[in-house]
Amino acid sequence: MNQQKTAVITGSAQGIGKGIALRLAKDGFNIVLNDLNEDLLHETVREFETKQIKVAAFVGDAAKQNDQRALVEKAVDRFGSVDVFINNAGVEQVAPIEEITPDQLESLFQVNVFGVVYGIQAAAEQMKKQENGGKIINACSIAGHQAYTMLSAYCATKFAVRSFTQSAAQEYAKDKITVNAYCPGIVGTSMWERIDEAMSRYMNVEKGEAFKKFAEGIALGRTQEPEDVANFVSYLASTDSDYMTGQSIMIDGGIVFN
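Keep in mind that this is a model prediction, so the values were computed, not measured. (Residues numbered from 1 in each chain as written. Predicted model: local features only at pLDDT ≥ 70, side-chain atom pairs only at ≥ 80, totals over all residues. Heavy atoms only, no water.)

Q: Is there a simple way to think about the packing of helix 3 (residues 65–79) against helix 4 (residues 102–130) in this case?
A: Axis separation between helix 3 and helix 4 bottoms out at 9 Å; the angle between their running directions is 35 degrees. Judged by the sense of rotation from one axis to the other, the crossing of helix 3 with helix 4 is right-handed. Between helix 3 and helix 4, the contacting residues are Gln65, Gln68, Arg69, Val72 and Val76 on the first element and Gly115, Tyr118, Gly119, Gln121, Ala122, Ala123 and Gln126 on the second. When grouped by side-chain class, the residues that make up the contact of helix 3 with helix 4 number five nonpolar, six polar and one charged. (Axes fitted to C-alpha atoms, helices over the stretch in contact; angles between N-to-C directions. Helix = DSSP H or I, 4+ residues; strand = E, 2+ residues; numbered from the N terminus. Left-handed = near helix turned anticlockwise from the far one by under 90°. Contact = heavy atoms within 4.5 Å. Nonpolar A, V, L, I, M, F, W, Y, C, P; charged D, E, K, R; others polar.)

Shown next as structure tokens:
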């Protein structure tokens, strides 16, 4: 990379977001981490600094438009540009449709949908100023391609992410900004631990059984690690993907085929 670029990743103190940040740092990017969990975020920053990674951090809520704008400002103040912006932050919710409450629905859409829209807005505004394009990458899911029982609201948010990814790709193509999404399957992170716990209660089985049941159908025979997702995001963030936009690509080990 002739000139060091900067990647911003929301929800990156742990899990997939952290894995993505580590991989992009390896690729030569300056890294801007973001999370609501201040203690965990600073712990991750210290870990990155011991690896000699050029890193900055911003404590903020991806579901708030002003926080997303402030995150971009922090990246520009520290490193001078935003070249890749990854809307990774997301939350889950497990419940039959009849039990979904207004508060649950609002909270889920605030983070998973509103947060993505606000991230796209903030990143695109800065990338337009830079006049050299950029890459916006959204966290979708296999749940954005296929709906699942007990995950209806979560699936709806991810279908929405696919839609916004396609629309944004069309709107920002003239500005040399590409917009794509990655769609993980079953990743061994704290989110899936929570999904398993809730699913197991509804299924009346031991903890871990729901996760095992979901994982049984993976063609490649194992659940995925954050690194599996990060390796694909590395491609989306690179110049190799310059001719790709508006796509939500599954990286799930072979669960959903379409």
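Q: How should I be thinking about unusual backbone geometry in this particular structure?
A: Leave glycine aside and you will find that most residues have negative phi; peptide bonds, for their part, are mostly trans. In this model, Glu131 sits at a positive phi of 60 degrees, which is unusual for a non-glycine residue. Mapped onto the fold, Glu131 is located in the loop between helix 4 and strand 5 (134–139).

Q: What is the right way to read the pairing of strand 5 from this model?
A: Regular strands place their side chains on alternate faces of the sheet. Counting buried positions along strand 5 gives six out of six residues, so the element sits mostly inside the fold. Every second residue of strand 5 is oriented toward a common face, with Gly134, Ile136 and Asn138 on one face and Lys135, Ile137 and Ala139 on the other, all of them buried. When strand 4 (residues 84–87) meets strand 5, the two strands line up parallel, connected through four bridges. From the neighbouring strand, Val84 faces strand 5, where its bridge partner is Lys135. Following the chain from strand 4 across helix 4 to the adjacent parallel strand 5, one finds a crossover that is right-handed. (Buried < 20%, exposed > 50% of the residue type's maximum accessible area, 1.4 Å probe, protein only. Pairing = 2+ DSSP bridges. Right-handed = clockwise from strand over helix to strand, strands pointing away.)

Q: Which parts of the structure should I look at to understand helix 2 (residues 38–50)?
A: Residues separated by three or four positions in an α-helix point in the same direction, a consequence of the helix having 3.6 residues per turn. Compared with the 18 Å implied by 1.5 Å per residue over 13 residues, the 19 Å span of helix 2 between its first and last C-alpha is a close match. Lining the buried residues of helix 2 we find helix 1 (15–26), strand 2 (30–35) and strand 3 (55–59). Gln52 lies just past helix 2 and shows a positive phi near 65 degrees. (Expected span 1.5 Å × (residues − 1).)

Q: Looking at this structure, how should I read the packing of helix 1 against helix 8 (residues 226–237)?
A: When two helices pack together, their arrangement is given by the angle between the helix axes and the distance between those axes. Taken N-terminus to C-terminus, the directions of helix 1 and helix 8 make an angle of 50 degrees; their axes are 8 Å apart at the nearest point. With respect to helix 8, the axis of helix 1 lies oblique. With respect to the hand of their crossing, helix 1 and helix 8 are arranged in right-handed fashion. When helix 1 is examined against helix 8, the residues Gly15, Ile16, Gly19, Ile20, Arg23 and Leu24 are found in contact with a partner set consisting of Pro226, Val229, Ala230, Asn231, Val233, Ser234 and Ala237. Split into classes, the residues belonging to the contact of helix 1 with helix 8 amount to eight nonpolar, four polar and one charged. (Parallel < 35°, antiparallel > 145°, perpendicular 65-115°, else oblique.)

Q: So what exactly am I meant to see when it comes to the side chain of Gln130 here?
A: Looking at the element boundaries, Gln130 is found in helix 4. The buried category is assigned to Gln130, whose relative accessible area is 19%. One polar contact links Gln130 to Gln126, side chain to side chain, over a distance of 2.9 Å. With near-sequence residues (within four places) excluded, Gln130 lies in contact with Ser81, Val82 and Asp83. (Polar contact = N/O pair within 3.5 Å; in protein donor to acceptor, adjacent residues only side chain to side chain.)

Q: What's the story with the pattern of salt bridges in this structure? I'm lost.
A: Side-chain pairs of opposite charge can arise whenever the charged atoms involved come near each other. Tallied over the entire structure, the rule returns five salt bridges. Where Asp27 meets Arg23, a salt bridge forms, and the shortest distance between an N and an O atom there is 3.0 Å. Overall, Arg23 belongs to the partly exposed group, its relative accessible area being 24%. The closest approach of N and O atoms between Asp175 and Lys174, which form a salt bridge, is 3.7 Å. (Salt bridge = Lys/Arg side-chain N within 4 Å of Asp/Glu carboxyl O.)

Q: Just checking my understanding: could you explain the side chain of Lys158 for this structure?
A: Along the chain, Lys158 falls in helix 5 (residues 152–172). Buried charge without a salt bridge: Lys158, with Glu92 as the nearest opposite-charge side chain at an N-O distance of 9.6 Å. In this structure, Lys158 is in contact with Asn112, Ala139, Cys140, Ser141, Ala143 and Gly144, ignoring residues within four places of it in sequence. (Lys, Arg positive; Asp, Glu negative; His and termini not counted.)

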